[in-house]
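Spelled out from the first residue to the last, the chains are:
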Amino acid sequence: MQKRSPYGRSAMLIKKDLIREAGRKCQGCGQPFPERLKTTELAMRDSYCKVDYKVPLKRGGKVELQNVQVLCPPCYDGKTHADLTDAEWRARGCPQGGVKIPVSHTSAHRRL
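So, how was this worked out
Residues numbered from 1 in each chain as written. Predicted model: local features only at pLDDT ≥ 70, side-chain atom pairs only at ≥ 80, totals over all residues. Heavy atoms only, no water. Core = buried A, V, L, I, M, F, W, Y, C linked by side-chain atoms within 4.5 Å. Buried < 20%, exposed > 50% of the residue type's maximum accessible area, 1.4 Å probe, protein only. Helix = DSSP H or I, 4+ residues; strand = E, 2+ residues; numbered from the N terminus. Contact = heavy atoms within 4.5 Å. Arc of directions from axis to C-beta. Salt bridge = Lys/Arg side-chain N within 4 Å of Asp/Glu carboxyl O. pLDDT = per-residue confidence, 0-100.

Draft legend 1. Quick look at the nonpolar core. With 17 residues, the main nonpolar core has I19, C26, F33, L42, V70 and C75 as its most contacted residues. Where this core is concerned, the elements lending two or more residues are α1 (11–21), α2 (39–44) and β2 (68–71). In this structure L42 touches K15, I19, R24, F33, P34, L37, Y48 and C49, once residues within four positions along its chain are discounted.

Structure (structure tokens):
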């Protein structure tokens, strides 16, 4: 029997829909999920993508579809372990698993 989610559908079906809506890419860093795997296989394996609350429940987030997203494991770990909301995480410039987004090299070259 499949695990039921609070949304009234199986967790796997919801995850499949989220993966499709995200264009089969991490909603944090934009890295595409492996093409060789079908959407059903991606939804079944947490090693490729994980469902994350944009605003954590313990920080006031709601159990609703507008509050969930799919992230690759590095992005999920970087956001979740710091207990950040999605807005706080992005404001820190860390949508790639906790790695700061590099500053444009063009501005550094102008100084030379």
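Draft legend 2. Layout of helix α3 (residues 73–80). When we look at burial in α3, the residues that qualify are P73, C75 and K79. Each buried residue of α3 sits inside an arc of 160° when the element is viewed along its axis, so together they form one side. Among the structural elements, β1 (50–53), β2 and α4 (86–91) are those in contact with the buried residues of α3.

Draft legend 3. View of the pattern of salt bridges. Applying the stated criterion across every chain yields a total of five salt bridges. One salt bridge in this structure joins K79 and D52, with 2.8 Å as the shortest N-O distance. Pair noted here: K79 is in helix α3 and D52 is in strand β1, with a separation of 27 residues, a long-range link. Owing to a relative accessible area of 1%, K79 belongs among the buried residues under this scheme. As a salt-bridge pair, D86 and R90 come within 3.1 Å of each other at their nearest N and O atoms. You can see D86 and its partner R90 sitting in helix α4, four residues apart, about one turn around the helix. Residue class for D86 comes out buried when judged on its relative accessible area of 13%. Accessibility expressed as a relative area gives 35% for R90, which makes it partly exposed.

Draft legend 4. Geometry of the confidence of the model for the protein. Per-residue confidence for the protein gives a mean pLDDT of 79; residues scoring 70 or more make up 76%. Low pLDDT, under 50, characterises residues 97–112; the predicted model gives this stretch 12 contacts beyond four residues in sequence or across chains.

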